[in-house]
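Listed here are the chains, written in short residue letters.
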Amino acid sequence: MAFIYRTPRTSIPETGRTGVLLVNLGTPDGTGYWAVRRYLSEFLSDRRVIEAPSFIWQPILQGPVLARRPFASGANYARIWDREENASPLRVYTKRQAELLKERFAQDDVPVAWGMRYGKPSIAQAVDELMDQGCDRIISVPLYPQYSATTTATANDQLFRALMRLRGQPSVLTVPSFPDHPLFIKGLEESVRRTLAGLSFKPQRLVVSFHGLPKICVEKGDRYRDECERTVSALRQALDLTEEQVPLTFQSRFGPMEWLQPYTSEFVSKLPEQGITRIAVITPGFMADCIETLDEIGNELREEFIEEGGEEFALVPCLNDDSAAIDLLEDLTRKALKGFSVE
Ligand SMILES: C=CC1=C(C)c2cc3[nH]c(cc4nc(cc5[nH]c(cc1n2)c(C)c5CCC(=O)O)C(CCC(=O)O)=C4C)c(C)c3C=C
Ligand SMILES: [Fe+2]
Ligand SMILES: [Fe+2]
């Protein structure tokens, strides 16, 4: 392998310089078949996401899955696309979070960049951007409140893959997950209270829906489920509500395997027959609204609930570009900066 030596546009100061890298999942560049296909192909080829051997999975992925899914997913993306920015909400909010965090560090000489695990801007581009500003240290913040090998670990893998190219590597600190960080829980609590205050009805349940994961991943040691439970317990405590009032569910099954249960869609569809016809849903597995929250929950789940006899449905927004989100990111980063000190 030929290692690259890139002369940074700004040389590294003698005292060193630390940059912050926000990493999110990634999203397609457009809603058309080829843009969505490119994205899904990269995402679903990741062995951290689908562990099946490539010689079995790749013919299935490149054949029936990618022949059909980009059409359906593209139509779903089209329903939530930010037409002003011509980008998906996940990209819009991740960029905004980085811009706002940059303002918080304006006096500290700490540059901020953002990159995506799949698609653009890549993590390698973001690393180059920080190194061009003279950074020899990088604090990477995977934007996943709960750890999973399918998200956090693969974001870290990709960062180290980007460093594999370089002759002059920066030092790296990866920030751990933050399932019950007080500022995260405070942000969620405020978001719930604000949403409920704007409703004309009082929800009988606040359903907490996390992205799902194949059950086998947890059986093999992924700590994701435990971390989801930590988030929901802390939120119940903050709102002074019970397990029955604030149930935990998992959305987004993919493929034939069993995923973590209870499934959001089955759980919510059965509520009207139990006399629960007014609900709110919160999705604290996501730092930013995306197809999973706006379409799968905000559109599809809402329709299913109403079809089954539900009457009122509200979606609590993710933290997005709220000051609560930036307070949290700033706190995580400032603590990491201390951990990076060599003095
Ligand atoms: C085997 C498949 C998948 C696993 C495992 C998985 C884990 C996982 N994903 C997120 C967060 C997000 N996923 C998003 C979209 C998405 N996820 C999958 C599949 C798996 N995810 C697919 C196929 C898609 C694409 C959408 C679709 O075609 O239906 C997104 C949103 C991206 C966007 O552009 O808006 C996020 C965020 C977590 C947290 C997680 C494990 C815990
Ligand atoms: Fe996913
Ligand atoms: Fe989904």
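Residues numbered from 1 in each chain as written. Chains lettered and ligands numbered in written order. Predicted model: local features only at pLDDT ≥ 70, side-chain atom pairs only at ≥ 80, totals over all residues. Heavy atoms only, no water.

Caption draft 1: Looking closely at the coordination of the iron ion (ligand 3). Protein coordination at the iron ion (ligand 3): the donors are Ser252 (OG), Glu292 (OE), Glu292 (OE) and Glu296 (OE), at 2.0 to 2.7 Å from the metal. Angles of 52 to 114° at the metal separate the four donor atoms of the iron ion (ligand 3), which places the site in the irregular class. Each donor residue of the iron ion (ligand 3) belongs to the same chain, with the gaps between them written as S-x39-E-x3-E. Taken together, the positions of Glu292 and Glu296, both in helix α10 (residues 291–307) and four residues apart, correspond to about one turn of that helix. Glu292 sits in the buried class, given a relative accessible area of 18%. Since its relative accessible area comes to 21%, Glu296 is described here as partly exposed. (Donors = N, O, S within 2.8 Å, 3.2 Å for Na, K, Ca; no water. Tetrahedral: all angles 85-135°; square planar, octahedral: opposite > 155°, others 65-115°. Helix = DSSP H or I, 4+ residues; strand = E, 2+ residues; numbered from the N terminus. Buried < 20%, exposed > 50% of the residue type's maximum accessible area, 1.4 Å probe, protein only.)

Caption draft 2: The arrangement of the UniProt feature "binding site: Fe(2+)" (unreviewed entry) in the protein chain in detail. Mapped onto this numbering, the UniProt entry gives "binding site: Fe(2+)" (unreviewed entry) at His211 and Glu292. In three dimensions, the annotated residues from a span of 82 residues occupy one location, with a maximal C-alpha spread of 7.8 Å. Relative to the helices and strands, His211 is located in strand β5 (residues 205–211). Look past the residues within four positions of His211 in its chain and what remains in contact with it is Tyr224, Phe250, Gln251, Ser252, Trp259, Phe286 and Glu292. In this structure Glu292 touches His211, Gln251, Ser252, Phe286 and Ile297, once residues within four positions along its chain are discounted. (UniProt positions renumbered as here; feature names shortened; annotations may be inferred. Contact = heavy atoms within 4.5 Å.)

Caption draft 3: The arrangement of the nonpolar core in detail. The biggest cluster of nonpolar side chains holds 49 residues, and the ones touching the most others in it are Leu22 and Val141. Take this core: its biggest share by element is seven residues, from helix α11 (residues 323–340). For Val141, the contacting residues outside a window of four places in its chain are Val20, Leu21, Leu22, Val23, Val175, Leu329, Leu332 and Thr333. Ranked by size, the runner-up nonpolar core spans 38 residues in total, among them Val36, Val127, Met131 and Ile138. (Core = buried A, V, L, I, M, F, W, Y, C linked by side-chain atoms within 4.5 Å.)

Caption draft 4: How the structure looks around the environment of Leu61. Along the chain, Leu61 falls in helix α2 (residues 54–80). Its relative accessible area of 0% is what places Leu61 among the buried residues. A sequence separation of 17 residues divides Leu61 from Leu44, and the C-alpha atoms of the two residues are 7.6 Å apart. Contact partners of Leu61, with chain neighbours within four places excluded, come to Ser41, Leu44, Ser45 and Leu66.

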